[in-house]
Amino acid sequence: MDQVKNTLAELQNKRPNAPQPQPDVDKLEAELPLQSIRQKLRFSSLDVSRSEQTGSVASASTAHAVSDRMKIYLRVRPLTEAELAAGEEKHCFTIDGPKSIVANASADAPPAGHLRDSERLSHRFAFSRVFNESVSQSQMFDGTVADLVKQLLQGHSGLVFSYGVTSAGKTHTIQGSGDQPGILPRALKSLFDNIGDRLLSTPAQPGCLFRPDSFSQAVQLSRGDAEAAFKKTKALLQSYEAGEAVATAWCNNSRDSVIFDSRLSSDAAVDSSTTCESDSEVIGDASSVPSSQKRFCVWVSYAEIYNEVVYDLLEPIVQRGRKPSRTALDVRWDKTGKFYIKGLRCLPVCSAQDACRLVLLGKQNQSVAATVLNQQSSRSHSLFAVRLVTCLDKEAPNFGLVSSLTFCDLAGSESQRTARYGANIGANDRAREACSINSSLLTLRRCIETLQHNQQNPKSARLVPFRESKLTQLIQPYFSGSGRATMIVNISRCANSDGEDEQQYEVTYVDANEFEMADIAQCSKEEMLKLIGDLRQTVQQQEEEMEEREMRIRRELIAERDRLMSEVEERFEQQLQEQKELQEERHDTRLREYLDTSQRISDNLKKRMVEAHKRKLAELQAKIDRLEEQLGEARSEAEQQDEQLENLNNKVEKLEMELAAAQSVSTKEAIEAEVNIRVRRIGDMHRRLAESADISSLARSHPPPPTNQHRSAMRATLLKNDSFLVHELEAELVEEQENRERQVGAMTATLACSQEMLDGLRMERELLAEELKTARLTVEEQAETISQLRSRIEALGHAEQGSEPAAKSADAIDNEAYTAKNIESDQSCCQMANEHLKEAAKADVDLEERVECLVQKLREEMADSKAKDAKLEEMNEQVLRISSQAEAQLQQLNQQLLELKDQLESSQSGVDASSKSSDLVEKLRQSEAKLESISAESSAKDEQLLELRRRLDEA
Ligand SMILES: Nc1ncnc2c1ncn2[C@@H]1O[C@H](COP(=O)(O)OP(=O)(O)OP(=O)(O)O)[C@@H](O)[C@H]1O
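Residues numbered from 1 in each chain as written. Predicted model: local features only at pLDDT ≥ 70, side-chain atom pairs only at ≥ 80, totals over all residues. Heavy atoms only, no water.

Trainee: Where do I start with the overall build of the protein chain in this structure?
Mentor: Per the secondary structure count, the protein chain includes 26 helices and 20 strands. A total of 955 residues make up the protein chain; the buried ones form 41% of that total. Sequence separation of 24 or more characterises 77% of the internal contacts of the protein chain that already satisfy a separation of 6 or more. Surface exposure of the protein chain reaches about 52,700 Å², of which carbon and sulfur atoms provide 51%. (Helix = DSSP H or I, 4+ residues; strand = E, 2+ residues; numbered from the N terminus. Buried < 20%, exposed > 50% of the residue type's maximum accessible area, 1.4 Å probe, protein only. Contact = heavy atoms within 4.5 Å. Areas by Shrake-Rupley, 256 points an atom, 1.4 Å probe, with all protein chains shown as cover.)

Next up, the structure:
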């Protein structure tokens with residue numbers, strides 16, 4: 001597609017200029033109807049061969065009527081010492097007057113130019129002036145260009161071009177050498193001498209500046225832009241300091257300039273009134289303005305046409321690799337229909353020296369290459385233009401008239417043979433250069449011929465083929481309007497042995513004659529209008545033809561494009577389908593894998609969850625068992641405590657009873673009882689005592705039985721003893737009573753203590769009852785929590801579809817709840833249960849966290865999978881893009897291949913036509929090489945494509 005677009009764009013670009021393919025000069029030479037040119041010469045008054053035959057110089061009057069608008073000078077180069085030593089002087093012409101020469105054909109020269117021997121024998125050719133070998137550079141300037149400088153200052157444009165075979169002295173004439181400046185440095189010197197201090201703006205005194213735009217327009221620059229333009233010139237000059245010495249030498253050696261100043265206004269008036277009717281409209285004001293009122297801006301540009309490509313010689317050359325890199329410039333039409341070079345640097349200069357330095361800088365950049373004939377031969381046409389902008393009002397300059405003086409140093413014409421075989425290095429380049437040079441010179445000649453034809457035959461005017469070469473495009477403006485053209489034909493007496501130069505001379509003579517006759521501006525207005533009308537018609541016809549051709553090519557291209565597009569689309573569709581299928585397949589596989597993986601993960605997750613639940617249930621069961629055990633222990637402990645409590649109660653009751661009993665028995669009775677006991681005990685003692693006394697008296701004297709007195713005495717004694725004993729007993733009794741009282745106090749204290757203990761136990765019992773109540777509440781809460789837990793487990797079990805373990809766990813929890821409900825009195829048990837419940841809750845949280853974690857992981861995996869999918873998609877896109885690029889490249893290559901095949905075929909046919917033409921053979925070889933390289937490139941691209949596809953498959 002791009003290829004097609006490029007081709008269309010190329011066609012579009014080619015359309016305004018429409019250069020024809022460059023012909024091979026040898027072939028064209030062969031085809032050119034030289035006989036018809038001779039025919040013209042016969043009709044022309046300069047056909048001196050007929051004149052000589054008739055013995056009169058019939059051409060003289062016409063020869064002297066050469067137009068002021070077009071002058072042809074002939075300059076003969078002196079032979080160098082080497083040429084003299086080599087005996088190369090051929091006496092091929094004789095100067096037979098100040099304005100004519102007679103050409104002598106050498107006897108050993110081969111037939112040239114299709115001329116009959118009788119025609120070749122001697123010809124006289126007339127020129128505006130003939131400069132022989134002894135003419136100096138200064139005389140040359142005065143005789144040729146001095147007037148053009150004057151006219152330039154009057155606002156007329158002029159062209160000077162040197163024409164001749166290579167090494168004929170063209171560059172010497174235009175540029176000269178250090179001590180012999182040519183017409184160009186002299187013209188610059190003369191121009192600046194005449195301008196003097198009337199420059200509108202200089203770097204020292206910057207002001208507004210007018211810059212030439214296109215061919216004949218001028219634009220006003222601001223002070224800043226003017227300064228920038230001067231800086232550009234300065235920077236360029238600084239980069240080439242080597243040229244300063246030569247430029248100074250040139251300016252010092254060009255002291256012969258004439259100041260036209262005093263005559264400017266009058267000359268201009270005469271000039272515009274007599275010769276430049278059409279231009280007086282434009283520059284009429286300029287002519288009438290006194291020269292002292294005028295201000296000037298001088299700009300220069302330097303271009304070269306090398307192999308039909310225009311380059312800027314003032315562009316700093318950038319060296320890239322082995323070859324310098326330069327920008328190819330376009331030739332365009334301006335508003336007035338004149339050709340100009342778009343993008344060509346035009347630099348302001350303020351002195352002849354600066355301008356000369358730019359000439360030298362440009363010359364340095366010019367393509368020069370060694371040839372057989374000249375070691376510094378110009379292989380390109382160079383055009384140095386002095387652009388003068390004249391401002392008519394020095395006080396308020398607001399309008400600028402542009403006039404140009406262009407020095408065109410044409411490349412020397414050379415035969416293909418000499419060019420090809422002469423140089424050892426770059427023979428093909430030389431051959432191509434020669435072909436290009438000769439082709440453009442041939443076009444120049446055809447332009448002049450056509451101009452002459454149109455002048456002589458206004459009714460059958462032809463299109464002047466200015467467009468056919470860049471050279472003729474660029475000099476075309478000087479062949480119309482107020483333009484003046486000066487041609488300097490350079491020849492030398494030295495001829496090459498093979499007679500090629502003779503042919504060249506002949507061509508030169510023919511051109512010279514034709515130019516001399518081609519006073520193109522001498523037509524009447526009607527003739528000119530007619531001519532223009534005819535030309536317009538021809539142009540229209542040509543344009544129509546061109547359009548038709550373009551349409552045809554367009555149609556072909558469109559058809560080709562459509563075919564290629566459909567082919568590409570088909571292939572693309574096919575590839576797309578394949579890709580789609582492949583992608584779908586991969587996608588399915590990946591989806592399956594993904595589903596399997598997710599199923600696996602889900603199963604694992606379920607399994608793990610069930611296991612976790614089982615574990616959890618087992619733990620809970622174990623805990624419940626433990627709790628039951630602890631509950632049993634707590635119960636037995638509670639029973640023991642109950643027993644203890646009962647004992648304690650019994651004890652308390654007993655103590656109460658004792659206390660009550662103790663309180664009910666009076667102390668006196670107890671004492672009396674005690675006394676009685678004591679009395680009994682005393683009686684016992686008295687009895688035992690009496691028994692003991694009776695036994696003793698009986699034992700001593702068998703005393704008489706006791707009397708009453710005695711008995712009373714004894715009784716009194718006994719009573720005395722008894723009272724003593726009573727006293728003792730009473731003391732003992734008191735003591736005993738005190739002891740009793742003490743015991744009663746102690747027992748009362750004990751009783752109080754027991755009462756306190758009882759109260760404490762009662763309180764304790766109440767507290768325990770309270771605690772039991774709390775424990776019951778806690779157990780109820782626990783049971784509720786357990787039921788919640790059970791329901792959650794059930795829910796989880798439902799979620800996992802694991803109803804059985806969940807049911808089991810629910811049962812277990814029920815049991816737990818049931819067991820817990822029965823816990824009433826054990827606080828520690830409740831606490832433990834609470835702790836377990838906490839643990840269970842914690843485990844539940846852990847479980848939830850793990851589930852969350854697993855879900856998160858699952859989500860991450862899904863995201864990862866999506867990212868991978870996206871990446872896969874991207875890679876697919878990339879692969880598609882790469883494959884489409886590769887496709888496009890492939891197409892391009894195919895296109896190139898086709899083109900090359902066409903070229904090959906055309907080259908082949910060319911070879912058939914002129915099998916001996918080694919140039920075509922060379923071209924053919926190049927084409928083949930190119931074809932091979934492109935085939936290699938194509939296969940490399942194929943490999944690249946395959947590699948890409950492989951990578952795609954891998955991806
Ligand atoms: N009138 C002359 N007087 C003295 N020497 C001259 C004259 N004309 C040319 N020459 C010398 O002849 C040689 C070739 O001249 P020049 O380079 O000008 O040829 P050319 O026509 O420009 O060649 P090409 O087209 O190959 O560039 C140079 O060394 C030059 O100095």
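Alright, that's what it looks like, and here's the rest.
Trainee: Before we go on, may I ask you to explain the UniProt feature "binding site: ATP" (unreviewed entry) in the protein chain in this structure?
Mentor: In this structure's numbering, the residues bearing the UniProt feature "binding site: ATP" (unreviewed entry) are Gly164, Val165, Thr166, Ser167, Ala168, Gly169, Lys170 and Thr171. Its place among the elements puts Lys170 in helix α10 (residues 170-174). Judged by relative accessible area, Lys170 falls into the buried class, the value being 5%. Among all residues touching Lys170, those that are not within four sequence positions of it are Ser162, Tyr163, Gly164, Val165, Asp409, Leu410, Ala411, Gly412 and Asn490. One polar contact links the side chain of Lys170 to the main-chain carbonyl oxygen of Val165, over a distance of 2.9 Å. Counting through the fold element by element, Thr171 comes out in helix α10. For Thr171, a relative accessible area of 24% gives the class partly exposed. (UniProt positions renumbered as here; feature names shortened; annotations may be inferred. Polar contact = N/O pair within 3.5 Å; in protein donor to acceptor, adjacent residues only side chain to side chain.)

Trainee: Which parts of the structure should I look at to understand the pattern of salt bridges?
Mentor: When the charged atoms of two side chains with opposite charge come close together, those side chains can pair. Considering all chains together, one arrives at eleven salt bridges under this definition. Arg561 is paired through a salt bridge with Asp562; the nearest N and O atoms lie 3.4 Å apart. In this structure Arg561 comes out as partly exposed when scored by relative accessible area, which is 24%. Residue Asp562 is classed as partly exposed on the basis of its relative accessible area of 40%. Counted as one network, the salt bridges with shared partners bring together Glu560, Arg563 and Glu567. (Salt bridge = Lys/Arg side-chain N within 4 Å of Asp/Glu carboxyl O.)

Trainee: How do you make sense of a negative patch on the surface when you look at a structure like this?
Mentor: Judged by side-chain charge, Glu578, Glu581, Glu584, Glu585 and Asp588 come together as a negatively charged surface patch. By the secondary structure assignment, Glu585 is in helix α21 (residues 525-664). (Patch = residues over 30% accessible without salt bridge, like charges linked within 9 Å, V, L, I, M, F, W, Y side chains within 5 Å. Lys, Arg positive; Asp, Glu negative; His and termini not counted. Charge placed at Lys NZ, Arg CZ, Asp CG, Glu CD.)

Trainee: So what exactly am I meant to see when it comes to the packing of helix α8 (residues 137-144) against helix α11 (residues 183-195) here?
Mentor: Helix packing geometry: the angle between the two helix axes and the distance between the axes. Put simply, α8 and α11 touch, their axes get as near as 9 Å, and they point 65° apart. You can see that α8 and α11 cross each other, and the crossing is right-handed. Note on element contacts: α11 touches α8 through Ile183, Arg186, Ala187 and Ser190, opposite Gln137, Ser138, Met140, Phe141 and Thr144. Of the residues assigned to the contact of α8 with α11, the class counts are four nonpolar, four polar and one charged. (Axes fitted to C-alpha atoms, helices over the stretch in contact; angles between N-to-C directions. Left-handed = near helix turned anticlockwise from the far one by under 90°. Nonpolar A, V, L, I, M, F, W, Y, C, P; charged D, E, K, R; others polar.)

Trainee: Sorry, what's going on with the packing of aromatic side chains here?
Mentor: The description of an aromatic ring pair uses the distance of the two centres, along with the angle that the planes make with each other. All chains considered together, the criterion is met by four aromatic pairs. Centre to centre, the rings of Tyr302 and Phe384 are 5.0 Å apart; their planes meet at 85°, and the pair counts as edge-to-face. Linking Tyr302 in strand β9 (residues 295-306) with Phe384 in strand β18 (residues 381-391), this pair joins segments that are 82 residues apart in sequence. On the basis of relative accessible area, Tyr302 is assigned to the buried category, the value being 1%. Here the aromatic rings of Trp333 and Phe339 are separated by 5.6 Å at their centres, their planes lie at 45°, and the arrangement is tilted. Trp333 sits in the partly exposed class, given a relative accessible area of 41%. (Phe/Tyr/Trp six-rings, centres within 6.5 Å; stacked < 30°, edge-to-face > 60°.)

Trainee: Would you explain α11 in this entry?
Mentor: Residue pairs spaced three or four apart in an α-helix point in one direction, given the helix's 3.6 residues per turn. In a regular helix each residue adds 1.5 Å, so 13 residues correspond to 18 Å; α11 covers 18 Å between its end C-alpha atoms and thus fits that length. Buried residues dominate α11, accounting for twelve of its 13 residues. Among the residues making up α11, those that are buried are Ile183, Leu184, Pro185, Arg186, Ala187, Leu188, Lys189, Ser190, Leu191, Phe192, Asn194 and Ile195. (Expected span 1.5 Å × (residues − 1).)

Trainee: Looking at this model, I keep getting lost on the pairing of strand β14 (residues 339-342). Mind explaining?
Mentor: On a regular strand, one side chain projects to one face of the sheet and the next to the other, so that they alternate. Two elements, strand β13 (residues 328-333) and β14, share four bridges in a ladder whose sense is antiparallel. Residue pairing for β14: Asp330 is matched across the bridge by Lys342. Between β13 and β14, which pair antiparallel one after the other, the connecting turn spans five residues, and Gly337 there sits at a positive phi close to 80°. (Pairing = 2+ DSSP bridges.)

Trainee: Got a minute to help me understand the nonpolar core in this structure?
Mentor: Grouped burial of nonpolar side chains is what soluble globular proteins tend to show. Of all hydrophobic cores here, the largest spans 48 residues; its most connected members are Val145, Ile183, Leu188, Leu191, Val298, Leu358 and Phe407. What Leu188 contacts, discounting residues up to four positions off in sequence, is Ala352, Ala355, Cys356, Val359, Phe384 and Val386. Listed in part, the 44 residues of the second largest apolar core include Phe215, Ile305, Ile437 and Leu474. (Core = buried A, V, L, I, M, F, W, Y, C linked by side-chain atoms within 4.5 Å.)

Trainee: What am I meant to see in a positive patch on the surface here?
Mentor: A cluster of basic residues, Arg608, Arg615, Arg850 and Lys857, forms a positive patch on the protein surface. Elements with a minimum of two residues in the positive patch: α21 and α25 (827-913). Within the fold, Lys857 resides in helix α25.

Trainee: Looking at this structure, I do not really get helix α13 (residues 243-253). What am I missing?
Mentor: Listing the buried residues of α13 in full gives Gly243, Ala247, Trp250 and Cys251. On an axial view of α13, the arc spanned by its buried residues comes to 95°, and they lie on one face. In this structure, the buried side of α13 is in contact with α11 and α16 (352-365). (Arc of directions from axis to C-beta.)

Trainee: What exactly am I supposed to notice about the environment of Leu535 here?
Mentor: Along the chain, Leu535 turns up in helix α21. With near-sequence residues (within four places) excluded, Leu535 lies in contact with Asn454, Arg462, Leu463 and Val464.

Trainee: Would you mind going over the confidence of the model for the protein chain with me for this structure?
Mentor: Atomic detail in the predicted coordinates should be set aside for any region of low pLDDT. Within the protein chain, residue pLDDT values average 71, and 65% of them lie at 70 or more. Per-element averaging of pLDDT across the protein chain places helix α4 (residues 48-54) at the bottom with 30 and strand β15 (residues 347-349) at the top with 93. In the predicted structure, residues 496-523 sits below a pLDDT of 50 and forms 85 contacts with residues beyond four places in sequence or in another chain. For the stretch residues 802-810, pLDDT sits under 50, and the model shows twelve contacts to residues farther than four places along the chain or on other chains. (pLDDT = per-residue confidence, 0-100.)

Trainee: I keep staring at the packing of α8 against helix α9 (residues 146-153) and nothing clicks. Help me out?
Mentor: The contact between α8 and α9 brings their axes to 4 Å, and the two run at 50°. Overall, the two elements α8 and α9 adopt an arrangement that is oblique. Together, Phe141, Asp142 and Thr144 of α8 and Ala146, Leu148 and Val149 of α9 make up the contact between the two elements. When the residues that make up the contact of α8 with α9 are grouped by side-chain class, the tally is four nonpolar, one polar and one charged. (Parallel < 35°, antiparallel > 145°, perpendicular 65-115°, else oblique.)

Trainee: I would appreciate a short explanation of unusual backbone geometry in the present structure.
Mentor: Positive phi outside glycine occurs at Ser167, with the angle close to 70°. In this fold, Ser167 is placed in the loop between β6 (158-164) and α10.

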